[in-house]
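Fold and contact review
In case you want the letters, here they are:
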Amino acid sequence: MLTFALRRLLVAIPTLLLISLVIFLLVDLAPGSPASEIPLTVPPEVRAKILEALGVNEPIHVRYVLWLKQFFWIEPLNGIDAIFGTSYAEGEQRIISYQSRSPVFGIIGERLPQTLTVIGTAYLVGVLIALPIGIYSAYRQYSLFDQAGTIFAMIGFSVPTFFTGTLFIIIFAVWLGWFPTKYDTTLEVTDWQSFLQQLRQMAMPVMVLGLANAAAISRYMRSSMLENLGQDYVRTARAKGLSERTVVLKHVLRNSLIPVVTVIALGIPSIFGGAIITENLFGVNGIGAMLIQAIRGNDLPMVQTLAFIFAILIVLFNLIADILYGLLDPRIRYD
Amino acid sequence: MMMKSALLGAVAALGLAPAAFAERGADGHVNVLYWQAPSILNPYLSSGTKDVETSSLILEGLAGFDEKGVVFPRLAESVPTVENGGVSADLTQITWKLKAGLLWSDGTPVTSKDAKFTWEYCTHPEGGCAQAARYEGIKSIDTPDDLTIVITFDAPKPNPYQAFVGGTSPILQAAQFANCLGAAASTCTDQNFKPIGTGPFMVKDFKVNDVVELEANPNYRDPAKPAFATMTVKGGGDAQAAARAVMETGEFDYAWNTQINPEMQAQMAAAGKGVLLNGFGTLVERIEMNMTNPDPALPEGERSTPKHPHPFLSDIRVRKALSMAIDRQILVDIGYGSAGRPTCNIVPAPEMFASDNTDCLKQDMEGAKALLEEAGWTDSDGDGVRDKDGAKLKILYQTSTNPVRQDFQAVIKDWWTELGVEVELKNIDASVFFGGDAGSPDTFQKFYSDVEMYANNFDGTDPEPYLGQYLCDKIPGPDNQWQGENINRFCDPAYDALWNELSKTADIAKRAEIAKKLNDMLTKDSYTVVALVDRGRLSAAANTLGGVVLNTWDTELWNAQDWFRVK
Amino acid sequence: MTDTDLGIAPPESQLRAVWAQFRKHKGAMIGLIILVLLVIFSIFGPMVWNPEKLSVAEALKLKNKPPALAYPMGTDQLGRDVMQRMMYAGRVSLAVGFVAMVIAIVLGTTIGIIAGYFKRLDGWLMRLTDLFLALPLIPLLLVMVMLFRDRMAGVLGPEGGAFVLIVFAIGVTSWMHAARIVRGEVLALKEREYVLASRAIGATSRRVILRHILPNVISPVMVAATLGVAEAIITESVLSFLGLGFPPDFPTWGRILFEGLEYITLYPERVIFPGLAISLTVLSVNLIGDGLRDALDPRIRGR
């Protein structure tokens, strides 16, 4: 297993380099331009000067190699400097966002906390709701609980978050006045009072996203459980006289987890990616909102860096999923 | 709505003002919402409205524009004019005097050197200054003493109030930005995020595209202002959510650009927590007619260039008929309500520059049909679409993605269909449409369609550069990477000659007369530009926020120092 | 697993057996009926329900009417009859939803099975999957639209071109989840006793996959398909909203929902009808999927 993981990590390096090149070409080829952010009142000569100062006009291979150097060399050096107070990276050009003319990693650092808190909590809540619902629905297939769960799941993933989000704002913020509509990113949790306030402002985005996540995961859990409940080994286990609890939660659940693990592993990188619509709607202003703004403004360094970090996480979590398969079902071998 | 806000302002000014203005910072905290969040606080590096307006809380120019578009002094003692001798008689020199004893927020004195530095900063060839147009034509800036700034121009400048006037060209502190000239501009993150200014507020904390936290500037020149000790400018969401946060939930005191549909305006006003403020500037939603042929069958590089005139839009009768078929009042009612009014001009304001051209305001479907008949366009095969010499009258109509624009497209398509014109609609994401990427076929400059719709305006109060966009040599094409402002490919030597005359005329009445003539040449004389709606600004203010005056000629936060809490 | 008898049974009777079992499944029949009704509503609706075309000024007098006999679903902000728009929209949304879902599922299942079954291809195919997962969607779609829209429109007309482009774009950007899930299942399945046994007696890979692997991954694939339809319908509305899809005067359920959102507090019915239509479509697909899975499972079918 260890050699497998090491080999996969080695293979990941050329894969990631290729992915970074494809992303770069793609973002560069896309028809938008940073100039779309400049008002029409600015004359074309000034516009051209602005773009030139951004470095947009350099040939593509020059920009790509510069980005590689910045991402793999200068930014880590900056990280070291920040931690140990050294000055290895002094005077080196960091990855600079077109829109704010400031280092991309600084902005990511600013935004990561709220994304992880809000989106991460929503994901956790979603998984924690989904697993029991999925297990119980499968165990009591076609019961009232299962039917209700099905309806809930259908609504959960057929109604887009822009709809549930707006609905929640109108009900809970405008009519009931329970929760604020805008997330305050400057709030620091220091005491009970501010903790409650943090909970209040997280409530709506977490509900919206948790609902969507729970809906999808519970369906996979349910279908996989159903598949396994009818297997011969379940009959054998019951015949042996094992308690129903042991049969369902130990034997069946363990064997049903493979697709669920896949889905969860696919979802975790998207926690970092943020939830674009939900973040925007509630003013959470995390990574997702940043990404969409960067895409709109064709902020190539920002899009490229975010997409690449995202790629690293995808590769990493898919690897973790592969390792988990082996743990869940020892018959799966990779060597 | 206007009545209510006017009343409120009057009450506030009369009854409560003296108490509220008593002391700096007495009114606590104020929450402002810019749903497009500021990404930088240096307007020289970003010309986005959100960035310029937020920066204007911190940075100021020598003068600004008030809500009527009149220049008033900020850091300057007074506004120089030819009459008071501040502007030389030949219009090549302007002399500003700073108020005495001005301090930056860090306590150091403001001097004329700072202004000179700012000019050098913005005109540095490698800096990519976003406001370079404001400093165009300046030969030199001299600082005979600490308080005097003498600007000399290359040629007579009929409108000298560009450099250092308004929120787009404030004065930077030379000491702070000394190492940020040219290519170094974008490495100065600290400076760009926390500029030291003379405005009523200073930055405490700034999170890119998210939130700005400000506190009152302890060295602001009026010791009693601002009334608020701290301010938060938050971003995120959309216009409707922003309006809701002020008008319905009351979480925010002021929200910028809350452009919502007329029915929502009425509903939100009824919630009673705030008022919607509107004011009109120079923003005009228009349909641009393509004078050249956008036929995809033409080779790339010749499509939509003056090499091939448009097969039917080059006929003024067709253009006029298309304009006559539109009922502009209906468009206003659908899309803008009180924040819009029908117009036939591309220069709708200031008043002295606005032509009295109103003949397009009344829809005339029958007249339009007759005009097309006269031009030879008849429905010879009875399919409801007019044709001539075997070619059908078919129009591709494109615009950017935006709910109001899509409603306009649907309604205008209906009218043109009634007229006997076949219309195909297309909408394009704004970042592509306005992006100007020469590689994309969908930019508004390339204009690969017959007509297109968007809004445009001009900075400040002088329309000269704006009208200059329609000169023959400003036509976008493959030879200039499609970077040109003459979107219609309009070219009339008489227009060019008249505009040249405008650029040399100093007398304000004469300028206004020429500008009106130029406006008419583009609109009612040629129907090259079909103006639709004069779009106002719409912002929301809470009832408890006093002193707000909506200004469409400068930044909306122009008088934040006068804001106070209504108690 | 007792599937030896399956190999002997002739295919028609197997199909009939599946259908017989499917018909007994109450949920599945309800799902099928809902779906058929939605299809009838969309395809034949406009032929029956065809309100007179009004001029702009007349239509505007009738704007934002609540549901009534003359307008069963009310009118929108421009006075257009919502029901008629819903019908036309249904044609597009159903077609886009199903075709895109089928493309994604077929692609995803194929890649997932091949990757899971043939170890030599696993690495390559999964790295390809990683690549597709990592690509930022909006720039990808913008590039695709820029490169192909005019060419497609030239061949198929603006609507036909947009349809092919959208279906293709959604299909090739949403197969990865299905592929990862199927692969995970196949990795476990191929080590099961019956697969090993089948291989031991010399069955070809093709036969093992079709007989033993494919029927056992149906269940997660059905879930992925259900999710896929919903996602395709919503993605289409986002694409059209960005101006990457159909012309703006071309209604789809997603777009009607999006437009109605602005008016949600004033006229909630404007979002309820399109929302309901999308939910019902997804629900019916899910119910049919449930029934299909039960019907395809010989252990249940025997009972």
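See the structure above.
Figured I'd write up the structure that's included with this text. Predicted, not measured: the structure shown is a model, and the values here were computed from it.

**Some details on the overall build of chain B**
If you tally the helices and strands in chain B, you get 15 helices and 20 strands. What you see for chain B is a C-alpha radius of gyration of 25 Å, in line with the 24 Å of a compact globule of 567 residues. Over its C-alpha atoms, taken along the principal directions, chain B stretches across nearly 80 × 55 × 45 Å. Burial analysis of chain B (567 residues in total) assigns 63% to the buried set.

**Thoughts on the state of the cysteines**
Residues and elements named next belong to chain B. Following the criterion strictly, the structure yields four disulfides over all chains and no others. The disulfide partner of Cys122 is Cys129, and the gap between their sulfur atoms is 1.9 Å. Its torsion about the S-S bond being -80°, the disulfide of Cys122 and Cys129 is classed as left-handed. A disulfide bridge connects Cys472 with Cys491, and the sulfur atoms are separated by 2.0 Å. Note on the Cys472 and Cys491 pair: the S-S dihedral is about 100°, so by sign convention the disulfide is right-handed. Taken together, the residues Cys472 in the loop between α13 (464–467) and α14 (493–504) and Cys491 in the loop between α13 and α14 connect sequence positions 19 residues apart. Within chain B, bonded cysteines paired by disulfides and numbered along the sequence follow the pattern 1-2, 3-4, 5-6, 7-8.

**Digging into helix α6 (residues 239–247) of chain B**
Helical geometry: 3.6 residues make up each α-helical turn, so side chains three or four residues apart lie on a common side. The buried count for α6(B) comes to nine of nine residues, which makes it a mostly enclosed element. Looking at α6(B), one finds that the buried residues are B:Ala239, B:Gln240, B:Ala241, B:Ala242, B:Ala243, B:Arg244, B:Ala245, B:Val246 and B:Met247. Of the surrounding secondary structure, the elements contacted by the buried residues of α6(B) are α6 (161–175) of chain A together with β1 (29–33), β10 (254–255), α7 (262–271), β11 (274–289) and β18 (529–542) of chain B.

**Focus: the interface of chain A and chain C**
Taken residue by residue, the interface counts 58 residues in chain A and 51 residues in chain C. Note on chain A versus chain C: buried area summed over both sides is about 5200 Å², and carbon and sulfur give 68% of it. Residue C:Arg180 is joined to A:Asp322 by a salt bridge in which the shortest nitrogen-to-oxygen separation is 3.4 Å. Counting the contacts that link chain A with chain C gives seven residue pairs in polar contact (both at pLDDT 80 or more). Looking at the side of chain A that touches chain C, the elements with two or more residues in it are α1 (2–29), α5 (144–158), α6, α7 (192–229), α9 (244–273), α11 (287–296) and α12 (300–328) of chain A. Counted by class, the side of chain A that touches chain C contains 36 nonpolar, twelve polar and ten charged residues.

**Examining the side chain of B:Arg489**
Residue and element names in this part refer to chain B. Its place among the elements puts Arg489 in the loop between α13 and α14. Look at Arg489: it is buried, it has no salt bridge, and the nearest opposite charge is Glu452 at 6.3 Å. Reaching out from Arg489, the side chain makes a polar contact with the backbone oxygen of Gln445 at a distance of 3.0 Å. Separated by 2.8 Å, the side chain of Arg489 and the backbone oxygen of Ile487 make a polar contact. Apart from residues lying up to four places away in sequence, Arg489 is in contact with Asn290, Met291, Thr292, Ser304, Gln445, Lys446, Phe447, Ile475, Pro476 and Trp482.

**Considerations on the interface of chain A and chain B**
The interface is formed by 47 residues belonging to chain A together with 55 residues belonging to chain B. The junction of chain A with chain B conceals about 3900 Å² of combined surface from both sides, 55% of it contributed by carbon and sulfur atoms. It is A:Leu40, A:Arg101 and A:Lys182 in chain A that bury the most area against chain B; as a group they hold 19% of the surface buried on that side. Counting every contact that joins chain A to chain B gives zero salt bridges. Counting across the interface, chain A meets chain B through twelve residue pairs in polar contact (both at pLDDT 80 or more). Ranked by residues supplied to the side of chain A that touches chain B, first place goes to helix α2 (residues 44–54) of chain A with seven residues. Tallied by class, the residues present in the side of chain A that touches chain B amount to 22 nonpolar, 16 polar and nine charged.

**Looking at the packing of aromatic side chains**
A complete count under the given rule lists 40 aromatic pairs over all chains for this structure. Between B:Phe72 and B:Trp558, the aromatic rings sit 5.7 Å apart at their centres with planes inclined by 70°, giving edge-to-face as the arrangement. Linking B:Phe72 in strand β3 (residues 71–73) with B:Trp558 in the loop between β19 (545–546) and β20 (564–565), this pair joins segments that are 486 residues apart in sequence. Residue B:Phe72 is classed as partly exposed on the basis of its relative accessible area of 23%. Taking the centre distance of 5.7 Å and the plane angle of 70° together, the rings of B:Tyr121 and B:Phe177 count as edge-to-face. With B:Tyr121 in helix α3 (residues 112–123) and B:Phe177 in helix α4 (residues 174–177), the pair connects residues that are 56 residues apart, well separated along the chain. Exposure class is identical for B:Tyr121 and B:Phe177. Each is buried. In this structure, C:Arg270 is placed above the aromatic ring of C:Tyr263, and the distance from its NZ or CZ to the ring centre is 4.7 Å.

**Focus on a nonpolar patch on the surface**
Residues and elements named next belong to chain C. There is a patch of nonpolar side chains on the surface, built from Ile33, Val36, Leu37, Val39, Ile40, Ile43, Phe44, Met47 and Val48 and spanning about 860 Å² of accessible area. When contributions to the nonpolar patch are tallied by element, the ones reaching two or more residues are α3 (26–43) and α4 (45–48). On the secondary structure map, Val36 appears in helix α3.

**So, the packing of α12(A) against helix α7 (residues 119–134) of chain C**
Two elements in contact, α12(A) and α7(C), have axes separated by 9 Å at closest approach and are oriented at 140°. For the crossing formed where α12(A) meets α7(C), the hand is right-handed. On the side of α12(A), the interface is formed by A:Ala307, A:Phe310, A:Ala311, A:Ile314, A:Val315 and A:Asn318, while α7(C) contributes C:Asp130, C:Leu133 and C:Ala134. Its residues placed into classes, the contact of α12(A) with α7(C) shows seven nonpolar, one polar and one charged.

**A few points about the pattern of salt bridges**
Scanning all chains against the criterion turns up 44 salt bridges over all chains. Here A:Glu75 ties to A:Arg94 by a salt bridge, and the two come within 3.0 Å at their closest N and O atoms. Here the residue A:Glu75 occupies a position in helix α3 (residues 60–84), and A:Arg94 occupies one in the loop between α3 and α4 (104–139), the gap between them amounting to 19 residues. Assessed through its relative accessible area of 7%, A:Glu75 is described here as buried. Between C:Arg85 and C:Glu259 there is a salt bridge, and its shortest N-O distance comes to 3.5 Å. Pair noted here: C:Arg85 is in helix α6 (residues 82–117) and C:Glu259 is in helix α12 (residues 253–261), with a separation of 174 residues, a long-range link. Linked by salt bridges that have partners in common, A:Arg8, A:Asp322, C:Asp122, C:Arg180 and C:Arg183 make up one network.

Rules used throughout
Residues numbered from 1 in each chain as written. Chains lettered and ligands numbered in written order. Predicted model: local features only at pLDDT ≥ 70, side-chain atom pairs only at ≥ 80, totals over all residues. Heavy atoms only, no water. Helix = DSSP H or I, 4+ residues; strand = E, 2+ residues; numbered from the N terminus. Rg over C-alpha atoms; globule rule 2.2 N^0.38 Å. Buried < 20%, exposed > 50% of the residue type's maximum accessible area, 1.4 Å probe, protein only. Disulfide = S-S within 2.5 Å. Contact = heavy atoms within 4.5 Å. Buried area = accessible area lost by both parts, 1.4 Å probe. Salt bridge = Lys/Arg side-chain N within 4 Å of Asp/Glu carboxyl O. Polar contact = N/O pair within 3.5 Å; in protein donor to acceptor, adjacent residues only side chain to side chain. Nonpolar A, V, L, I, M, F, W, Y, C, P; charged D, E, K, R; others polar. Lys, Arg positive; Asp, Glu negative; His and termini not counted. Phe/Tyr/Trp six-rings, centres within 6.5 Å; stacked < 30°, edge-to-face > 60°. Lys NZ or Arg CZ within 6 Å of the ring centre and 35° of its normal. Patch = residues over 30% accessible without salt bridge, like charges linked within 9 Å, V, L, I, M, F, W, Y side chains within 5 Å. Areas by Shrake-Rupley, 256 points an atom, 1.4 Å probe, with all protein chains shown as cover. Axes fitted to C-alpha atoms, helices over the stretch in contact; angles between N-to-C directions. Left-handed = near helix turned anticlockwise from the far one by under 90°.

Interpretation note: all reported values are geometric properties and have no functional meaning in isolation.
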